[in-house]
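Here is what each chain is made of, one letter per residue.
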Amino acid sequence: MPFPIHRPRRLRTSAAIRSLVRETRLDPAQFVLPLFVCPGEGVKREIGSMPGNYQMSVDQVVEECAEVQSLGIGGVILFGLPEEKDEIASGAYADDGIVQRALRAIRRETPNLLLMTDVCNCEYTSHGHCGFVQGEDVDNDTTLEWLAKTATSHARAGADIVAPSDMMDGRVSAIRRCLDANGFEKTAVLAYAAKFASVFYGPFREAADSTPQFGDRRSYQMDPANGREALKEIELDLEEGADMIMVKPALPYLDLIRQARDRYNVPIAAYQVSGEYSMIMAAVRNGWLDCERAMMETLTSIARAGAGIILTYFSKPAARLLG
Ligand code: PBG
């Protein structure tokens, strides 16, 4: 007869005891802030659906990175908006591409900040798909060559970690081989291994100007209904040499973060994506949710599910709060 001997409320009686028994703690060092680099100088344009986040020219991104470092945030992940888009995503792997230029500039000013890059083509193609379009389809194996070139040019420009987000088959091994062949065997690969075809990327596509001009991404990103297949995708990326894996989006896929954590002995990242951020901010702006609490509760849940690394647009306010 458990009651009244067992009274779990005992351990909730004061802030001090709640803190003592808390199972999950957040640390700014586990956050990664996504940044959108655009052409120009002195440009800092707020993204309408993502208040507090901006498209920034290289000089502004450099300043932002100094602040990120001073807040103790784990690192940044860069996305680029090129001057021009074309059919073959040449801006993605150009040595003087927008992300490559940003990497060099950030490295100069904040040499110790951890720099990640998103490796994908959708921001660089005129049609907004993540690879080489043939007919109505994205051709897998041609796209692999672009991805490998892009990752290698990011490494050359100073990226510590490259993160392929395209969901082509075989991209991790294509990237790993190209990196190694060019002397970048120390550059790590964080694979967006279980990336779902999600409605929650909507605001990002405005931010990165990467909405597909026809069709959608369901022939390469995963069906939200498929959990077992997500584990298979993770396994394949690990076999191909991924150092870390990611589940994306985060909150709708906490079950997969947990399963991945239990199964694989590598660092697990989760991406709290644009739509997850925008939903909270929209409710906050309406006075329906408390911003700090919604931010910390969602981040804590993602960590509790098993993600050690969290890519989040809340990195700065959360780091300030954890102070
Ligand atoms: C590039 C990419 C996307 C996101 C990260 N990398 C967009 C997409 O796949 O359509 C989404 C990130 C976010 O929503 O915050 N392929």
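The structure presented is a predicted model; accordingly, all values stated were derived computationally and were not measured.

J.: Help me get a handle on the overall build of the protein chain, residues and values and all.
T.: Tallying secondary structure elements over the protein chain gives 12 helices and 12 strands in all. For the protein chain, whose C-alpha radius of gyration is 20 Å, the value lies close to the compact-globule estimate of 20 Å for 323 residues. In terms of its C-alpha atoms, the protein chain occupies a principal-axis envelope of roughly 70 × 45 × 40 Å. Within the protein chain, the proportion of its 323 residues that are buried is 55%. A separation threshold of at least 6 residues defines the contact pool for the protein chain, and within that pool the share at least 24 residues apart is 73%. Summed over its atoms, the accessible surface of the protein chain is roughly 14,700 Å², and 50% of this surface lies on carbon and sulfur atoms. For the protein chain, the distance from the average site of its 35 positive side-chain charges to the average site of its 44 negative ones is 10 Å.

J.: Summarise helix α2 (residues 58–70); cite the residues concerned and give the values.
T.: Here α2 contains 13 residues, and its C-alpha end-to-end distance of 19 Å stays within 8% of the 18 Å for a straight helix at 1.5 Å per residue. Of all the positions in α2, only Val58, Gln60, Val61, Val62, Glu64, Cys65 and Val68 are classed as buried. In this fold, the buried residues of α2 make contact with β1 (31–37), β2 (44–46), β3 (54–56), β4 (75–80), α4 (98–109) and α12 (315–322). Of the residues one or two after α2, Gly72 is the one with positive phi, at around 75 degrees.

J.: For the packing of helix α11 (residues 291–305) against α12, give the residues involved together with the corresponding values.
T.: Direction vectors running N to C along α11 and α12 enclose 95 degrees, while the axes themselves pass 11 Å from each other. On the basis of the axis angle, α11 is roughly perpendicular to α12. Residues Glu292, Met295, Met296 and Leu299 of α11 pack against Pro317, Ala318, Leu321 and Leu322 of α12. Taken together, the residues of the contact of α11 with α12 sort by class into seven nonpolar, no polar and one charged.

J.: Lay out the site of the ligand with the relevant residues and their values.
T.: Around the ligand, the surrounding shell holds 18 residues, and the nearest of these are Lys195, Arg205, Lys248, Ser274 and Tyr313. Asp118 is positioned with one of its side-chain polar atoms (N or O) 3.3 Å from a nitrogen atom of the ligand. Interatomic distance of 2.6 Å between a side-chain N/O atom of Lys195 and an oxygen atom of the ligand. Out of a free accessible area of 400 Å², the ligand has 100% covered by protein chains.

J.: Quick one: what's the story with the pattern of salt bridges, residue by residue and with numbers?
T.: For the structure on display, the rule yields 13 salt bridges. Here Lys85 makes a salt bridge to Asp209, at a shortest N to O gap of 3.5 Å. Within this pair, whereas Lys85 is found in the loop between β4 and α3 (90–93), its partner Asp209 is found in the loop between α7 (202–208) and α8 (227–239), the two being separated by 124 residues in sequence. The partner of Asp262 in a salt bridge is Arg258, and the shortest N-O contact between them spans 2.8 Å. In this pair, Asp262 and Arg258 both sit in helix α9 (residues 254–263), four residues apart, roughly one turn of the helix. The class of Asp262 is exposed, set by a relative accessible area of 56%.

J.: Talk me through the packing of aromatic side chains; I want residue IDs and the actual numbers.
T.: Counting across every chain of the model gives 10 aromatic pairs. For the ring pair Phe132 and Trp146, a centre distance of 5.9 Å and an interplane angle of 65 degrees mean the geometry is edge-to-face. Taken together, the residues Phe132 in strand β6 (residues 132–134) and Trp146 in helix α5 (residues 140–157) connect sequence positions 14 residues apart. In this structure Phe132 comes out as partly exposed when scored by relative accessible area, which is 24%. The exposure class of Trp146 is buried, given its relative accessible area of 6%. Ring-pair connections join several aromatic residues into one group, and the members of that group are Phe36, Phe79, Tyr192, Phe204, Tyr271, Tyr277, Tyr313 and Phe314.

What counts, and at which threshold
Residues numbered from 1 in each chain as written. Predicted model: local features only at pLDDT ≥ 70, side-chain atom pairs only at ≥ 80, totals over all residues. Heavy atoms only, no water. Helix = DSSP H or I, 4+ residues; strand = E, 2+ residues; numbered from the N terminus. Rg over C-alpha atoms; globule rule 2.2 N^0.38 Å. Buried < 20%, exposed > 50% of the residue type's maximum accessible area, 1.4 Å probe, protein only. Contact = heavy atoms within 4.5 Å. Areas by Shrake-Rupley, 256 points an atom, 1.4 Å probe, with all protein chains shown as cover. Lys, Arg positive; Asp, Glu negative; His and termini not counted. Charge placed at Lys NZ, Arg CZ, Asp CG, Glu CD. Expected span 1.5 Å × (residues − 1). Axes fitted to C-alpha atoms, helices over the stretch in contact; angles between N-to-C directions. Parallel < 35°, antiparallel > 145°, perpendicular 65-115°, else oblique. Nonpolar A, V, L, I, M, F, W, Y, C, P; charged D, E, K, R; others polar. Near = heavy atom within 4 Å. Polar contact = N/O pair within 3.5 Å; in protein donor to acceptor, adjacent residues only side chain to side chain. Salt bridge = Lys/Arg side-chain N within 4 Å of Asp/Glu carboxyl O. Phe/Tyr/Trp six-rings, centres within 6.5 Å; stacked < 30°, edge-to-face > 60°.

Purely geometric stuff here, so don't read any function into it on its own.
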